[in-house]
Amino acid sequence: MRFAIPLRSLRLAVTALALPVLAGCDPDKPTPTPDGGTSTRAAFAITTQVISTDDAQSYIIVTDSVDHTEKLSLANAVEVPGRALGVGIPKSGSLFVAGSQGPTVTRYNLTSDGRLEKGATVSFAGQGVTSIGEYQHQFQFVSETKAYYFDGRTSKVIVWNPSDMSVTGSINVTGLAVEGALQTFATLPVRRENQVIMPIGWRTTATGDIVKKAGLIVVDTTNDTAKVIVKDERCGYVRDGVMGSDGMLYLATEVYGSAVRRVKGAEAPPACLLRFNPQTLEFDSSFFVSLDTLVNGGTAGSLLPGPNGTAYLRVFDESSFEVTASTHPRTLASAPAWKWWQIQLGNTPTATPVATLPASTGSTFLFEADNRTLFTEFASGSKGTSLRELTDQSGKVTTTYDGVSFSFLQLR
């Protein structure tokens, strides 16, 4: 996937949240809407990007359920030019829309009859931002009046107020640049107490090779300061993090980095599992696990939050997709050939296959819908998206629609 390139459900007993959250609303109470009405009916905003040879067009679908036997229609969706993201505070009744067409964020308010009504706009142009892209979770909402946007191109974290739609400041996060390489942010940043922890990965702009380096940005939300940690060079593209029950942050190579290793062999950095102490802000130099040792010598990557203090790992099924010398790592990472294994984190991690979950595309995003976690599966050529059930580990398809989704939000 290319977008600037391109959970607590499952009753997660972890503090690493896949979604930027505040306290959710009581599902049995009516939710106030900006037009003065109330509603107890759920509403979900699915932002999907339809990409053609000419340009991209995005659509925001509002639906009262994530279970549909028929494909969702784009006929009544809100159209947004370019490649858009829809972000916000879950169950707040507001959706903030930004994208590739400029440096602005526009608020849409959910009306009592389930429509999105366009509201105020804020611009990040004064901070040097020219467009907004990549992933939903580059937006992190601390409260109703404070949010962050992580922008790699300006090496800044923009601080803004979602309530009055104003920019209130920025945090410089210099020291990220690697010559000849593009830095990319985590799809699932970690929220811990008063910290936002954003893992970073690097790949070369010319060839897409992985830079053997791991790093993080740690933002202190109490005073809007940040520390950049770029010092571990044992492996690369370490963009996925999950908090363990031991209070340590476990970080793994994202599936694209693992695909580069599978295609190019030993000339590419190994796929690994590292450990980081969020209190001392240091990598554990004594802890290093090669991911292949957890999966019987196979190819593995992408660490995702799982139930009861565990995590999921994606493992490539060699029998489902033929890899040749000419296979592009992005094609391999996007192939529907990545199985699910569950990891017990700790000093000596172990992993076991989850037999009930079918192999799917390795490029996976997690979306939360009430007490459920859904994961994305993208069709070949980015033509469509299926949402699949992760909560009960069935992998059942719940919803399908055209385009590809990098963002999803429960509005009420």
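In case you missed it, the structure is sitting above this.
Participant: Explain the overall build of the protein to me, and be specific about the residues and the numbers.
Facilitator: When you go through the protein residue by residue, the secondary structure sums to two helices and 32 strands. In terms of overall size, the protein behaves like a compact globule, its C-alpha atoms giving a radius of gyration of 20 Å where 412 residues would be expected to give roughly 22 Å. The principal-axis extents of the C-alpha atoms in the protein amount to approximately 60 × 45 × 45 Å. Every one of the 412 residues in the protein was classed for burial, and the buried ones make up 61%. Surface accessibility of the protein: about 15900 Å² in total, with carbon and sulfur atoms responsible for 46%.

Participant: I'd like to hear about the pattern of salt bridges, residue by residue, with values.
Facilitator: Per the counting criterion, the structure on display carries 18 salt bridges. Note that E254 and R239 form a salt bridge whose closest N and O atoms lie 3.8 Å from each other. With E254 in the loop between β20 (249–252) and α1 (255–264) and R239 in the loop between β18 (225–232) and β19 (240–243), this pair connects stretches of sequence that are 15 residues apart. Comparing E254 with R239 shows no difference in burial state: the two are buried. Here R275 ties to D246 by a salt bridge, and the two come within 4.0 Å at their closest N and O atoms.

Participant: Help me get a handle on the side chain of S360, residues and values and all.
Facilitator: Take S360: it is sitting in the loop between β27 (350–353) and β28 (366–369). Under the relative-accessibility criterion, S360 is labelled buried at 0%. A polar atom in the side chain of S360 sits 2.9 Å from the side chain of R314. Leave out the neighbours within four places in its chain, and S360 touches R314, A335, P336, A337, W338, W340, F375 and E377.

Participant: Give me the packing of aromatic side chains: which residues, what numbers.
Facilitator: For the structure on display, the rule yields 20 aromatic pairs. Judged by centre distance (5.4 Å) and plane angle (90°), the ring pair of Y312 and W340 falls under edge-to-face. Placement of Y312 in strand β25 (residues 310–316) and of W340 in strand β26 (residues 338–344) is noted, with a sequence separation of 28 residues between them. The exposure classification of Y312 matches that of W340, with both residues buried. Cluster of aromatic residues (ring-pair linked, three or more members): F96, F124, F139, F141, Y149 and W160. The ring of W340 carries the charged tip of R314 above its face, separated from the ring centre by 4.0 Å.

Participant: Could you give me a rundown of the environment of E70, with the residues and numbers involved?
Facilitator: Within the secondary structure layout, E70 lies in the loop between β4 (56–63) and β5 (78–81). A relative accessible area of 45% places E70 in the partly exposed class. Separated by 330 residues in the primary sequence, E70 and T400 place their C-alpha atoms 7.5 Å from one another. Of note is the side chain of E70, whose polar atom sits 3.4 Å from the side chain of H68. Among the polar contacts made by the side chain of E70, one reaches the side chain of T69 at a distance of 3.3 Å.

Participant: Which residues make up the sheet that holds strand β24 (residues 300–305), and what values do they have?
Facilitator: Taken together, four strands build an open sheet; the order of strands is β24-β25-β26-β27 and the sheet is antiparallel. Pairing within the sheet leaves two strands with one partner each, and these edge strands are β24 and β27. The sheet shows a mean angle of 35° between the axes of neighbouring strands, direction not considered. Inspection of the sheet shows β24 paired to β25 by five bridges, in the antiparallel sense.

What counts and how
- Residues numbered from 1 in each chain as written.
- Predicted model: local features only at pLDDT ≥ 70, side-chain atom pairs only at ≥ 80, totals over all residues.
- Heavy atoms only, no water.
- Helix = DSSP H or I, 4+ residues; strand = E, 2+ residues; numbered from the N terminus.
- Rg over C-alpha atoms; globule rule 2.2 N^0.38 Å.
- Buried < 20%, exposed > 50% of the residue type's maximum accessible area, 1.4 Å probe, protein only.
- Areas by Shrake-Rupley, 256 points an atom, 1.4 Å probe, with all protein chains shown as cover.
- Salt bridge = Lys/Arg side-chain N within 4 Å of Asp/Glu carboxyl O.
- Polar contact = N/O pair within 3.5 Å; in protein donor to acceptor, adjacent residues only side chain to side chain.
- Contact = heavy atoms within 4.5 Å.
- Phe/Tyr/Trp six-rings, centres within 6.5 Å; stacked < 30°, edge-to-face > 60°.
- Lys NZ or Arg CZ within 6 Å of the ring centre and 35° of its normal.
- Pairing = 2+ DSSP bridges.
- Axes fitted to C-alpha atoms, helices over the stretch in contact; angles between N-to-C directions.

So far we have only geometry, and geometry alone does not tell us how the molecule works.
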